[in-house]
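Coordinate inspection notes
Here are the chains, one letter per residue:
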Amino acid sequence: MGVVWSPEQSKFVATVAPAAGTITSTDGINWTSAATPSSGSRSVIWSAHASQYVSTRSPLAAIYTSPDGQTWTFHVTPLNSVGITYSEIGDLYVAVGPSGIMTSSDGATWTTQTSPVTDLRAVVWSPENNEFAAVGAGGIVTSTDGVTWTQLTSPAANTWDAIAWSPPLKRY
């Protein structure tokens, strides 16, 4: 499940996998079901610059986009993805999944990128580091442009399911 807040729309949008799809709320207490995406929605982000939500869809190779969190457009992608992030610097979406990494400038058309590892599960953008970081069973990878990725030494031989950036701590 993923959840995102849009300050511009004063709205939460959440993906509820595996069966419920997407829901929205203006107060975080009362929720309304969206028509799509259907089951398999994994994570969702908001791009203020593009004025759209983008949601991953697993196990299909697909992404959904929406201007309001209620009405969604289906886009076929080259890879199955479970995690997604957006960078306003470079206007770039990055999605990760079991088969690797893909990028998009509009959320609809996606390009596969070469990754030193596969089976990634989550990705985040750090504006302070000007860097993407992705994690999963394959380990940890980083990139400043979303295209060239470098594998880092993992502090433990674990499967990483999530990653977050803390601006005050300047750490993942």
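Look a little higher up for the structure.
This one's a predicted model, so the numbers in the text were calculated from it and none came from an experiment. (Residues numbered from 1 in each chain as written. Predicted model: local features only at pLDDT ≥ 70, side-chain atom pairs only at ≥ 80, totals over all residues. Heavy atoms only, no water.)

1. Overview of a nonpolar patch on the surface
Let me state the cut-off plainly: Patch membership requires over 30% relative accessible area and the absence of a salt bridge. Like charges are linked within 9 Å, and nonpolar side chains (Val, Leu, Ile, Met, Phe, Trp, Tyr) within 5 Å. Each accessible area is a Shrake-Rupley result for a 1.4 Å probe, and residues are judged covered by the shown protein chains and nothing else. Whenever Lys or Arg places a side-chain nitrogen within 4 Å of a carboxyl oxygen from Asp or Glu, that contact is recorded as a salt bridge. In this text, helices come from DSSP runs of H or I with a minimum length of four residues, and strands from runs of E with a minimum of two, each type numbered from the N-terminal end. To sort residues, take the accessible area from a 1.4 Å probe on protein chains only and compare it with the maximum for the residue type: under 20% means buried, over 50% means exposed, and anything in between is partly exposed.
On the surface, a nonpolar cluster with roughly 290 Å² of combined accessible area is contributed by Leu60, Phe74 and Val76. With respect to the helices and strands, the residue Phe74 is situated in strand β8 (residues 73–76). Residue class for Phe74 comes out partly exposed when judged on its relative accessible area of 43%.

2. Thoughts on the pairing of strand β14 (residues 131–136)
For a regular strand, side chains alternate in direction, first toward one face of the sheet and then toward the other. Applicable threshold: For two strands to pair, DSSP has to find at least two bridges joining them.
Counted residue by residue, β14 has six buried out of six residues, so it is predominantly covered. With burial as the criterion, each face of β14 is covered, one bearing Glu131, Ala133 and Val135 and the other bearing Phe132, Ala134 and Gly136. Relative to β14, strand β13 (residues 120–126) is paired through six bridges, and the arrangement is antiparallel. Counted as the bridge partner of Val123 is Ala134 from β14. Between the antiparallel neighbours β13 and β14 lie four residues, among them Asn130 with a positive phi of about 50°. Where β14 meets strand β15 (residues 139–143), five bridges bridge the pair, whose relative direction is antiparallel. When the bridges of β15 are listed, Gly136 appears paired with Gly139. Hairpin remark: β14 followed by β15, antiparallel, with two residues in the connecting loop.

3. Observations regarding the pattern of salt bridges
One pass over the structure, following the stated rule, counts two salt bridges. For Asp119, the salt bridge goes to Arg121, with nearest N and O atoms at 3.4 Å. Judged by relative accessible area, which is 27%, Asp119 ranks as partly exposed. Arg121 sits in the partly exposed class, given a relative accessible area of 30%. Between Arg121 and Asp161 there is a salt bridge, and its shortest N-O distance comes to 3.0 Å. Here Arg121 is found in strand β13, whereas its partner Asp161 is found in the segment after β16 (150–152), with 40 residues between them in sequence. The network of salt bridges with shared partners includes Asp119, Arg121 and Asp161.

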